[in-house]
Amino acid sequence: MPGYCKADAEILKQFGAALGAKREALHISQEKLAERAGLHRTYIGSVEQGRRNLGLLNIVKIATALGVNPKEFFIDCDCMKKM
């Protein structure tokens, strides 16, 4: 990923994968999630692909739209296991 070191890019990929897995488990489309969160569908897609470094407010918006605690996106990330 341009602009990010390998470790940072991996964190974004893991976050995106966690988001996508949670969204799919809840049977919610990217379009519906984007609508609920007040974001664009392509933004959600790029986050799930690990191509966006999203800010805290958007993490909270997405978590709220899914009805989950934002920490759920980080639980399985390798970056959190090192702490």
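The numbers attached to residues start from 1 for each chain and follow its sequence in the written order. At least 70 in pLDDT is required for a residue's local features to be given in this predicted model, at least 80 for side-chain atom pairs to be given and counted, and no such filter applies to totals for whole chains, interfaces and linings, which use all residues. No hydrogens and no water enter the side-chain calculation; it runs on all heavy atoms of the structure.

(A) The arrangement of the packing of aromatic side chains in detail. When the centres of two rings from Phe, Tyr and Trp lie within 6.5 Å, Trp using its six-membered ring, the rings pair. Their planes under 30 degrees apart give stacked, over 60 give edge-to-face, and anything left gives tilted. Here the structure, examined in full by the defined rule, presents 2 aromatic pairs. On the numbers, 5.3 Å between centres and 50° between planes, the contact of phenylalanine 15 with phenylalanine 74 is tilted. Taken together, the positions of phenylalanine 15 in helix H1 (residues 6–25) and phenylalanine 74 in the loop between helix H4 (56–66) and helix H5 (78–81) put the pair 59 residues apart, joining distant regions of the chain. Only protein chains enter the accessibility calculation, which uses a 1.4 Å probe; a residue is then buried when its area is under 20% of its type maximum, exposed when over 50%, and partly exposed in between. Note on phenylalanine 15: relative accessible area 6%, which makes it buried. With relative accessibility at 27%, the residue phenylalanine 74 sits in the partly exposed group. A run of H or I in DSSP becomes a helix once it reaches four residues, and a run of E becomes a strand once it reaches two; helices and strands are each numbered from the N terminus.

(B) Main features of the environment of aspartate 8. Residue position: aspartate 8 is located in helix H1. Separated by 52 residues in the primary sequence, aspartate 8 and valine 60 place their C-alpha atoms 20 Å from one another.

(C) Structural view of unusual backbone geometry. Despite not being glycine, histidine 27 has its phi angle at roughly 55°, a positive value. Looking at the element boundaries, histidine 27 is found in the loop between H1 and helix H2 (30–37). Residue classification places histidine 27 among the exposed residues on the basis of a relative accessible area of 73%.

(D) Structural view of H1. Every helix has an expected span of 1.5 Å times one less than the residues it contains. For H1, spanning 20 residues, the distance from its first C-alpha to its last is 28 Å, which sits close to the expected 28 Å at 1.5 Å a residue. When we look at burial in H1, the residues that qualify are Ala9, Leu12, Gln14, Phe15, Gly16, Leu19, Gly20 and Arg23. Downstream of H1 by a residue or two, histidine 27 has a phi angle that is positive, lying close to 55°.

(E) How the structure looks around the packing of H2 against helix H3 (residues 41–48). Angles here are taken between N-to-C directions and fall from 0 to 180 degrees, while the axes themselves are lines fitted to C-alpha atoms, restricted in helices to the stretch in contact. Packing of H2 against H3 brings their axes to within 8 Å, and their N-to-C directions diverge by 115°. When the interaxial angle is binned, H2 and H3 end up roughly perpendicular. With respect to the hand of their crossing, H2 and H3 are arranged in right-handed fashion. The segment H2 lies against H3, with Gln30, Glu31, Leu33 and Ala34 engaging Arg41, Ile44, Gly45 and Glu48. The nonpolar class holds Ala, Val, Leu, Ile, Met, Phe, Trp, Tyr, Cys and Pro. Asp, Glu, Lys and Arg form the charged class, and all remaining residues, Gly among them, are polar. Taken together, the residues that form the contact of H2 with H3 break down as 3 nonpolar, 2 polar and 3 charged. Oblique is the label for any angle not covered by the other classes, which are roughly parallel (under 35 degrees), roughly antiparallel (over 145) and roughly perpendicular (65 to 115). Note on convention: near helix rotated counterclockwise from far helix by under a right angle means a left-handed crossing. Clockwise means right-handed. We call two residues contacting when some pair of their heavy atoms lies within 4.5 Å.

So, to be careful, I would describe these as geometric facts and stop short of saying anything about function.
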